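So the chains spell out like this:
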Amino acid sequence: MSYRTWLGATLLPLLLAACATVTAPDTRPSARLQLHLSPAALGQSISLQQHLTVERAGRTDQLDTALEIDADHLDLVGLAFGQRVMSLHYDGRQLQVWRHPMLPSQVQGEDVLQDVQLTLWPVDAIRQALPEGWELRESNGQRTLLLRDETIAVIDYPDHKAWGGKVILENLRYRYKLTIQSVVTSD
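This write-up is about the structure you can find in this document.

Turning to unusual backbone geometry, a few remarks are in order. Its identity is not glycine, yet Q34 carries a phi of approximately 50 degrees, on the positive side. As for its position among the elements, Q34 is in the loop between helix 1 (3-17) and strand 1 (46-56).

And the structure:
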């Protein structure tokens, strides 16, 4: 086994475990956001290269993604150590997910799609799609997602833009912090 193969086989599970849910998710239908926005609701086409830093339980891990969105679809490819670990294709109706066999089962394509939509889609589009009991507030470069007045996630936009800069998503329910540094590759 080559060093690179050994390194990927050894470190890939550790990296991906950082994305896994620490606590068991609340599976009651009303407790899951289940956000399903159409790609067209974004309001434009974008292509981004992203560098993600995931902080959880004292660990920091990194992942690169390529994200393309137009009116008809969203495509995301996640890479760790130069290997594809996840691919998402969403047409507004159906989500197709490919997962690396070593990807922890807790890392779900629907949750990844939801984080993408919460950080990039316009607030008005998100608010219209929120199930009963959920609320999204926006003020001074920050979004706060609440369920029955309990803060679930806080999203900060230090560069005051959803893409082409830094976005920090802190998920209080699942206890992780995701810092996304995006570079627009085409508009």
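Right, picking up where we left off after that structure.
Glancing now at the side chain of T119. Note that T119 resides in helix 2 (residues 109-120). By relative accessible area, which is 3% here, T119 ends up buried. Setting aside chain neighbours within four positions, we find T119 in contact with R143, I155, Y157, A162, V167, L169 and I180.

Strand direction decides the pairing type here: strand 7 (residues 142-147) and strand 8 (residues 150-156), joined by six bridges, are antiparallel. Paired with Q142 across the bridge in strand 8 is D156. Bridge count between strand 8 and strand 9 (residues 166-171): four bridges; the pairing is antiparallel. Of the residues in strand 9, the one forming a bridge with D156 is I168.

Time to look at the pattern of salt bridges. One pass over the structure, following the stated rule, counts five salt bridges. Note that R127 is salt-bridged to D124, the shortest N-O span being 3.8 Å. Separated by three residues within a single helix, R127 and D124 lie in helix 3 (residues 123-129), roughly one turn from each other. We note a salt bridge from R137 to D149, for which the minimum N-O separation is 3.9 Å. Here D149 lies in the loop between strand 7 and strand 8 and R137 lies in strand 6 (residues 134-139), a separation of 12 residues in the sequence. Of the residues examined, R137 reaches a relative accessible area of 41% and is grouped as partly exposed. With relative accessibility at 61%, the residue D149 sits in the exposed group. Taken together, the shared-partner salt bridges in this structure form one network comprising E135, R137 and D149.

Let us now look at the packing of aromatic side chains. Centre distance and the angle of the planes are the two values used to describe a pair of aromatic rings. All told, the structure shown has zero aromatic pairs when counted by the stated rule. A cation over an aromatic ring shows up here: R84 above the ring of W98, its NZ or CZ 3.8 Å from the ring centre.

Thresholds applied
Residues numbered from 1 in each chain as written. Predicted model: local features only at pLDDT ≥ 70, side-chain atom pairs only at ≥ 80, totals over all residues. Heavy atoms only, no water. Helix = DSSP H or I, 4+ residues; strand = E, 2+ residues; numbered from the N terminus. Buried < 20%, exposed > 50% of the residue type's maximum accessible area, 1.4 Å probe, protein only. Contact = heavy atoms within 4.5 Å. Pairing = 2+ DSSP bridges. Salt bridge = Lys/Arg side-chain N within 4 Å of Asp/Glu carboxyl O. Phe/Tyr/Trp six-rings, centres within 6.5 Å; stacked < 30°, edge-to-face > 60°. Lys NZ or Arg CZ within 6 Å of the ring centre and 35° of its normal.

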